[in-house]
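# Examination of the molecular architecture
The residues making up each chain are set out below.
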Amino acid sequence: MKKITALMLSSAMMLSLAACGGSASTDAVSSEAASSEAVSSEAATSEAGAEAAELTTVNAGKLTMSTNAEFPPYETTTDSGELEGIDIDVAAAVAEKLGLELQVDDMDFDAALLAAQNGKSDMVMAGVTVTDERLKVMDFSDTYAEGIQSIIVKEDSPIASPDDLADKMIGTQRGTTGYIYCSDDFGDDHVTPYDSGLTAVQALVNGQVDAVVIDNAPAKEFVKANPGLKILDTAYAQEDYAIGVAKGNTELLNAINGALEELEADGTLQAIVGKYITAE
Ligand code: ARG
């Protein structure tokens, strides 16, 4: 599929997931941030923190992130209602660098994108793929991870490659690149959008769709939790994940990129990924 090369964006910040190890020390972040007394002296000593001193954010003293916490291991809601995952930990580390307190707002995926575009949140972090279409309506940070659109099918499915998806019914999460690529390639009539990746996978288990196209890391988690499914070896598309902010919010974007650069240089990014994704 031509999408595979079309979506390969170059990035200095690409992390090799396989090279990661160790554990991160970032504390879990609750979705209800309380105090606005956020400027820690430790954070202010970092370059990114110093730059961020005059940052104007949606809620003063806070870095407000919109997300869709139904996308393990990037963001999920634990049984006790806590939000956790790679994006939550990376966002907390970025917020700390900027001397801000992280506030996470959980919503539908398409709403999370819109919140950042419309300045209702400072940033969207939700395993968001950088695409040309999205670049028209929002700005993106440097890449902090890479994703692959994978195809999940039942173990006994005749579908063996992306080409076999033609004339089949494909389940995806609404508003995602999985939906966009599949409807472009196979037509709207062949793609059913679901509220979450998990509901799409449940539709596959129940025989309502023939395949699910979704990012590889959540695909692995869903397949682990639902016996009788498998992920095809052939990827559907290769992607870069980045943090999205409102178009033209250069100040925040530069601050985020500065923080990401520091977190990559000191190994924090790699440690966070390694905490959630174990090398095979
Ligand atoms: N990477 C895909 C996209 O950007 C899917 C992201 C879905 N993320 C989520 N938190 N549900 O469209």
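For every chain, the first residue of the written sequence is number 1, and numbering continues from 1 along that sequence. The predicted nature of this model means local features are confined to residues of pLDDT at least 70 and side-chain atom pairs, given and counted, to a pLDDT of 80 or more, with totals for whole chains, interfaces and linings taken over all residues. As a rule here, side-chain values come from all non-hydrogen atoms in the structure, and water together with hydrogens is ignored.

### Some thoughts on the nonpolar core
Quick reminder of the rule: Buried Ala, Val, Leu, Ile, Met, Phe, Trp, Tyr and Cys residues form a nonpolar core when they are joined through side-chain atoms within 4.5 Å. Whether a residue is buried, partly exposed or exposed follows from its accessible area with a 1.4 Å probe, protein chains only, as a fraction of its type maximum: under 20%, in between, or over 50%, in that order. Where helices and strands are cited, they refer to DSSP runs of H or I of at least four residues and of E of at least two residues respectively, numbered from the N terminus. Contacts are residue-level and defined by heavy atoms, with any inter-residue pair within 4.5 Å sufficient.
Val94, Met123 and Ile152 are the most contacted members of the largest nonpolar core, which totals 52 residues. Broken down by element, this core gets its largest block of residues, eight residues, from helix 4 (residues 86-97). Residues within four places of Val94 in sequence aside, it is in contact with Leu63, Ile256, Ala259, Leu260 and Leu263. By size, the runner-up hydrophobic cluster in this structure holds 15 residues, among which are Val153, Ile170, Cys182 and Tyr236.

### Considering the site of the ligand
Rules: Any residue with a heavy atom positioned within 4 Å of a molecule or strand is treated as near that molecule or strand. Pairs of N or O atoms within 3.5 Å make up the polar contacts considered here, provided that, within protein, one atom can donate a hydrogen while the other can accept it, and that residues adjacent in sequence are counted only when both atoms are side-chain atoms. Only the protein chains shown count as cover for residues, and all accessible areas are computed by the Shrake-Rupley method using a 1.4 Å probe. Residue type decides the class: Asp, Glu, Lys and Arg count as charged, Ala, Val, Leu, Ile, Met, Phe, Trp, Tyr, Cys and Pro as nonpolar, and the leftover types, Gly among them, as polar.
By nearness alone, 15 residues border the ligand, and Asn68, Ala126, Thr129, Arg134 and Asp215 come closest of all. In this structure, Thr129 approaches the ligand through a side-chain N or O atom, which is 2.7 Å from a nitrogen atom. Separating an oxygen atom of the ligand from a side-chain N or O atom of Arg134 is a distance of 2.7 Å. Out of a free accessible area of 350 Å², the ligand has 100% covered by protein chains. Of the residues belonging to the shell around the ligand, the class tally is five nonpolar, six polar and four charged.

### Thoughts on the side chain of Ser196
Here Ser196 is to be found in the loop between strand 9 (191-194) and helix 8 (197-205). On the basis of relative accessibility, which here comes to 4%, the residue Ser196 falls in the buried class. Residues contacting Ser196, with those up to four places away along its chain left out, are Glu70 and Gln173.

### Some thoughts on the packing of helix 4 against helix 11 (residues 268-276)
How we decide: Throughout, an axis means a line fitted to C-alpha atoms (over the contacting stretch in the case of helices), and angles, computed between N-to-C directions, take values from 0 to 180 degrees. By the definition adopted for this analysis, an angle is roughly parallel if under 35 degrees, roughly antiparallel if over 145, roughly perpendicular if from 65 to 115, and oblique otherwise. Handedness of each helix crossing follows the sense of rotation of the near helix against the far helix: counterclockwise by less than a right angle gives left-handed, clockwise gives right-handed.
The geometry of helix 4 relative to helix 11 is characterised by a closest axis approach of 9 Å and an angle of 155 degrees between their N-to-C directions. The pairing of helix 4 with helix 11 is recorded here as roughly antiparallel in orientation. Between helix 4 and helix 11 lies a crossing whose hand is right-handed. Two secondary-structure elements touch here, helix 4 through Ile86, Asp89, Val90 and Ala93 and helix 11 through Thr268, Leu269, Ile272, Val273, Lys275 and Tyr276. Along the lines of polarity and charge, the residues of the contact of helix 4 with helix 11 split into seven nonpolar, one polar and two charged.

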